[in-house]
Amino acid sequence: MAESALLSDLGTEIIIPICAIIGIVFALVQWALVSKVQLSTYKPHSADGKNGFTEPLIEEDEGVTDLSVVRKCAEIQNAISEGSTSFLFTMYQYVGVFMVAFAVLIFLFLGSVEGFSTKEQACTYDRTKLCKPALATAIFSTVSFLLGAVTSVVSGFLGMKIATYANARTTLEARKGVGKAFIVAFRSGAVMGFLLAANGLLVLYITINLFKLYYGDDWEGLFEAITGYGLGGSSMALFGRVGGGIYTKAADVGADLVGKVERNIPEDDPRNPAVIADNVGDNVGDIAGMGSDLFGSYAEASCAALVVASISSFGINHDFTAMLYPLLISSVGILVCLLTTLFATDFFEVKAVKEIEPALKNQLIISTVLMTIGIAIVSWIALPYSFTIFNFGVQKDVKSWQLFLCVAVGLWAGLIIGFVTEYYTSNAYSPVQDVADSCRTGAATNVIFGLALGYKSVIIPIFAIAISIFVSFSFAAMYGVAVAALGMLSTIATGLAIDAYGPISDNAGGIAEMAGMSHTIRERTDALDAAGNTTAAIGKGFAIGSAALVSLALFGAFVSRAAISTVDVLTPNVFIGLIVGAMLPYWFSAMTMKSVGSAALKMVEEVRRQFNTIPGLMEGTAKPDYATCVKISTDASIKEMIPPGALVMLTPLIVGILFGVDTLSGVLAGSLVSGVQIAISASNTGGAWDNAKKYIEAGASEHARTLGPKGSDAHKAAVIGDTVGDPLKDTSGPSLNILIKLMAVESLVFAPFFATHGGLLFKIF
């Protein structure tokens, strides 16, 4: 039975770090290419009195190089970068305190399982063997939690740095044409994607190897301790997503309502006091938040797969190569994405506006096709032909080709979800055009059509998720579901690149408007931005789909670890959990929506106050006070991110301690089932409203022109829809997928504690 894989253990030890390093090097090369765009303007005074320009500045389509424009772009970029950095630092201080407190909690809860004893214990799954004490698991889980948290924070922060570095460079490149600007924005996105994928992989790989020095042959304990890594990653992502989401949308809603609807000035007009806060928000919410979020998904999918594998034949036979199959998939994913990225930047040049969206869509298709081949190769060389997978108490026989199908079905389900999302949120297709058309009769019909679109857009993604769960579970039980989630996330570098591209081009448009650049340049950045809106929606689709699979896999691991044989919906303990769990996403959404609403209220009042009290602001002779608006957003988001965060972090603890593992399994199932639906519909409704507004503004078709120029009644109705959709698509929707995953991974980490000490209420009665 114990046949070995083609790839030796030494081969695995070499391949994984090398792929990660290649990813990091590639990211740095892209960074170097982006930084070739000059942002400085200086006159070198040479000794012989020739003050010529030695640096040839960017040649412009419209004739002379205008120095003041470059200087202005650099100033604005600086303001955005400073705002983003200071916000993230403030947030990380608060979150750091929480991290330390939670780490202590993990140590105390897990250490108390065996009463802090340092003696070896009988293993959970195989009572004949001795395993390391629970105290060791407590210490190592705490360490991996902190490592995951730090990696997540670094991922988000680096992404934000790159985005704020690239936004003005994209604007300046737009003077040479849309293709050049596209490449700068896309390259910067790739920097973030590759750094994140490679860092996540490298840190996890190093952690496993270091922990192995202590655990030796006790792989069950080793990979149980590794689950802390996923918990750390996601708990940071939760605060990043919620805090960033509240920040960006308070500014956005405030800027739009006063600027566009009341004052009739264009978006990103420098006279609007909230405009810097709005652009900062794009970076802290969409980039730093998204980065941490997808890193969290990736870490958890890997953890779920490793935990299940450690109690299957891979772990029992100590087959290291097969054990690290999830990491090998990610390694190949980095190489595949590297090749895919070259298709957009080097093999085919984007020349016209209509080529932008196809170029981004091709990224998804190419990476998926290549990755399918990559997975086939990895499955062939890294897995023995047949092996067994732990399936709720029994070992199930699985063949290597079945595992390949599990990963592939997840990968293709991701592509399908991406394309369905695109169909429902891109203004090239009828759903968004219908929503735009409904603006003729005012904001109410727009809202009705938009909500209907969002609910309808849930259907196909849910079927895709359902089919991939059925296929992967039938073949390889919970391990199959975990690797299906990894399949969906295997092209994470490309997914993040097209996702980060959106906010970067959005910022570039804002900078062009604020620096007073010509109309043609603003049109080019708008075209980049509209494509970016759709890719952002696709990215959210991926994040939600993978979250559903990841949390199901974590749920399976939790059920195995807590020694529950079956989760029976008909027992009252489980059913009450189920119905309460299904309510949690609504409670969470209510908190985040209200936070955005109240912060936006403050913002609107401040913007109105400035327009009314600063003389010469509307005429453009006086400068608005940007800093106050930035401060409003910062304070609101720091204050408001704590209650939703506490709700998600404390629920599993309270339920597990008071009601026990059965009720907790109900809560997890309930929150998964309802959370996915709300998340998909919220993201797509918001995306559709945004692009319906863009469709009317661009006026690219006969139909769009009948709906009016900017400022018409239909356009104002569209702006209101967009404003309602903002917190849906950028705060509630994307944060929900973290809620689903985080509760599951937290339950898994604390499972030993809940299994021994949980269910106090039922013990009393």
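Predicted model only: the values in this text are computed from it and were never measured. Here the residue index of a chain counts from 1 through its sequence in written order. Predicted model: local features are reported for residues with pLDDT of at least 70 only, side-chain atom pairs are reported and counted for 80 or more only, and whole-chain, interface and lining totals are derived from all residues. Side-chain figures throughout are based on the complete set of non-hydrogen atoms in the structure, without hydrogens or water.

**Re the overall build of the chain**
Counted only if it meets this: Segments assigned H or I by DSSP are reported as helices when at least four residues long, segments assigned E as strands when at least two residues long, and all are numbered from the N terminus. Here the globule rule reads 2.2 Å times residues to the power 0.38, and the radius of gyration is calculated from C-alpha atoms. Burial status follows relative accessibility: with a 1.4 Å probe on protein chains alone, a residue under 20% of its type maximum counts as buried, one over 50% as exposed, and anything between as partly exposed. Two residues qualify as a contact provided that any one of their heavy atoms is within 4.5 Å of a heavy atom in the partner residue.
Check the secondary structure of the chain and you find 22 helices and 4 strands. The C-alpha radius of gyration of the chain comes to 26 Å, within 12% of the 27 Å expected for a compact globule of 765 residues. Buried residues in the chain amount to 64% of all 765 residues. Sequence separation of at least 24 residues holds for 84% of the intrachain contacts in the chain that already meet a minimum separation of 6.

**A few points about unusual backbone geometry**
Residues other than glycine seldom take positive phi values, yet Asn-264 does so here, at roughly 55°. The topology assignment puts Asn-264 in the loop between α5 (219-262) and α6 (275-310). Even without glycine at this site, His-318 takes up a positive phi of about 55°. Mapping His-318 onto the fold places it in the loop between α7 (313-316) and α8 (320-323).

**A word on the nonpolar core**
Using the following cut-off: Within this scheme, the nonpolar core is defined by two criteria: the residues are buried Ala, Val, Leu, Ile, Met, Phe, Trp, Tyr or Cys, and they are joined through side-chain atoms within 4.5 Å.
Core analysis: the largest hydrophobic core is formed by 227 residues, its most contacted members being Phe-182, Tyr-325, Ile-356, Tyr-479 and Phe-558. Broken down by element, the residue count for this core peaks at 22 residues, all from helix α4 (residues 178-215). Beyond its immediate chain neighbours, meaning those up to four positions away, Ile-356 contacts Val-178, Phe-182, Val-350, Tyr-501, Ala-527, Leu-528 and Ala-531. Trp-689, Ile-696, Ala-718 and Leu-728 belong to the second largest nonpolar core, which has 19 residues in total.

**Observations concerning empty space enclosed by the protein**
In plain terms, the rule: The method works on a 1 Å grid over the protein atoms by themselves. A cavity is a set of points holding a 1.4 Å probe that cannot get out, a pocket is an open set with protein on both sides within 12 Å along at least five of seven lines, and residues with an atom within 4 Å of a point line them. Grid points are joined across faces, edges and corners, and a volume is the space filled by probe spheres set on the points. Ten residue types, Ala, Val, Leu, Ile, Met, Phe, Trp, Tyr, Cys and Pro, are classed as nonpolar, four, Asp, Glu, Lys and Arg, as charged, and the remainder, Gly among them, as polar.
Counted under the stated rule, the structure contains 9 cavities of 30 Å³ or more. A volume near 430 Å³ is recorded for the largest cavity. The biggest single contributor to the lining of the largest cavity is helix α16 (residues 519-561), with 8 residues. Each residue belonging to the lining of the largest cavity can be placed in one class, and the counts come to 5 nonpolar, 6 polar and 24 charged. Size it by volume and the second largest cavity reaches roughly 100 Å³.

**What to know about the environment of Val-481**
Assignment of secondary structure puts Val-481 in helix α14 (residues 459-489). Separated by 461 residues in the primary sequence, Val-481 and Ala-20 place their C-alpha atoms 24 Å from one another. Excluding residues within four positions of it along the chain, Val-481 makes contact with Ile-469, Ser-472, Phe-473, Leu-549, Leu-552 and Ala-553.

**Section: the confidence of the model for the chain**
Put simply, the rule reads: Confidence of the prediction at every residue is given by pLDDT, a number between 0 and 100.
In this model, the chain carries an average pLDDT of 88, and 96% of its residues clear a pLDDT of 70 or more. Across the chain, the secondary-structure element scoring lowest on mean pLDDT is strand β1 (residues 121-122), at 74, and the one scoring highest is helix α13 (residues 443-456), at 96. In this model, residues 42-64 is a region of pLDDT below 50 whose contacts with residues beyond four sequence positions or in other chains number 31 contacts.

**Observations regarding the packing of aromatic side chains**
Formally: To pair, rings of Phe, Tyr and Trp, with the six-membered ring standing in for Trp, must have centres within 6.5 Å; the planes then decide the type, stacked if under 30 degrees apart, edge-to-face if over 60, and tilted in the middle.
What the rule picks out here adds up to 29 aromatic pairs. With centroids separated by 4.7 Å and ring planes inclined at 50°, the aromatic side chains of Phe-87 and Tyr-247 adopt a geometry described as tilted. Here Tyr-247 lies in helix α5 and Phe-87 lies in helix α2 (residues 67-111), a separation of 160 residues in the sequence. Summarising the burial analysis for this pair, Phe-87 and Tyr-247 share the class buried. Seen in terms of ring centroids, Phe-102 and Phe-145 are 5.7 Å apart; in terms of plane orientation they differ by 45°. Their pairing is tilted. Pair noted here: Phe-102 is in helix α2 and Phe-145 is in helix α3 (residues 134-173), with a separation of 43 residues, a long-range link. With respect to burial, Phe-102 and Phe-145 carry one shared label: buried.

**Overview of the pattern of salt bridges**
Where side chains of opposite charge bring their charged atoms close, a pairing between them can arise. The following threshold applies: Every case where a carboxyl oxygen of Asp or Glu lies within 4 Å of a side-chain nitrogen of Lys or Arg is listed as a salt bridge.
The full count for this structure, using the stated rule, is 29 salt bridges. A salt bridge links Glu-173 to Lys-176, with the shortest nitrogen-to-oxygen separation between them at 3.3 Å. Judged by its relative accessible area of 37%, Lys-176 falls in the partly exposed class. Taking the shortest distance from any N to any O, the salt bridge between Lys-729 and Asp-690 comes out at 3.3 Å. One end of the pair, Lys-729, is in helix α21 (residues 713-757); the other, Asp-690, is in helix α19 (residues 642-698), with 39 residues separating them in the sequence. You'll find Lys-729 and Asp-690 in the same group, each marked buried. One salt-bridge network, held together by shared partners, links Lys-249, Asp-252, Asp-529, Lys-540, Asp-690, Lys-693, Lys-694, Asp-722, Asp-726, Lys-729 and Asp-730.

**Side note on the packing of α2 against helix α15 (residues 492-514)**
Put simply, the test is: Only the stretch in contact is used when fitting a helix axis, every axis being a line fitted to C-alpha atoms; angles between N-to-C directions are given from 0 to 180 degrees. Orientation is classified from the angle alone, with under 35 degrees giving roughly parallel, over 145 giving roughly antiparallel, 65 to 115 giving roughly perpendicular, and any other angle giving oblique. We call a crossing left-handed when the near helix sits turned anticlockwise from the far one by less than a right angle, and right-handed when that turn is clockwise.
Two elements in contact, α2 and α15, have axes separated by 9 Å at closest approach and are oriented at 130°. Judged by the angle between their axes, α2 and α15 are oblique. The handedness of the crossing between α2 and α15 comes out as right-handed. Facing Lys-72, Cys-73, Ile-76 and Ile-80 of α2, the residues of α15 in contact are Asn-507, Ile-511 and Met-514. Of the residues that constitute the contact of α2 with α15, the class distribution is 5 nonpolar, 1 polar and 1 charged.

**A short note on the side chain of Asp-499**
We count it as follows: In this tally, Lys and Arg are treated as positive and Asp and Glu as negative; His is ignored, and so are the chain termini.
Of note, Asp-499 is situated in helix α15. Among buried Asp, Glu, Lys and Arg side chains, Asp-499 stands out as unpaired, with Arg-241 the closest opposite charge at 5.7 Å.

**Overview of the layout of surface pockets**
Size it by volume and the largest pocket reaches roughly 830 Å³. Lining the largest pocket are 28 residues, and of these Glu-523, Asp-526, Ala-527, Ala-530 and Ala-698 lie nearest its centre. For the lining of the largest pocket, the secondary-structure elements that each account for two or more residues are α10 (356-382), α15, α16 and α19. The biggest single contributor to the lining of the largest pocket is α16, with 7 residues.

**Remarks on the pairing of strand β3 (residues 386-391)**
Short version of the rule: We call two strands paired when DSSP finds no fewer than two bridges between them.
Of all 6 residues in β3, 6 are buried, a share of seventy percent or more. Going residue by residue along β3, you find Ser-386, Thr-388 and Phe-390 tucked away on one face and Phe-387, Ile-389 and Asn-391 tucked away on the opposite face as well. As paired elements, β3 and strand β4 (residues 394-399) share 6 bridges and run antiparallel to each other. If you follow Ile-389 over to β4, its bridge partner there is Lys-396. Once β3 ends, the chain turns through 2 residues before running back antiparallel as β4, passing Phe-392 with a positive phi of about 45°.

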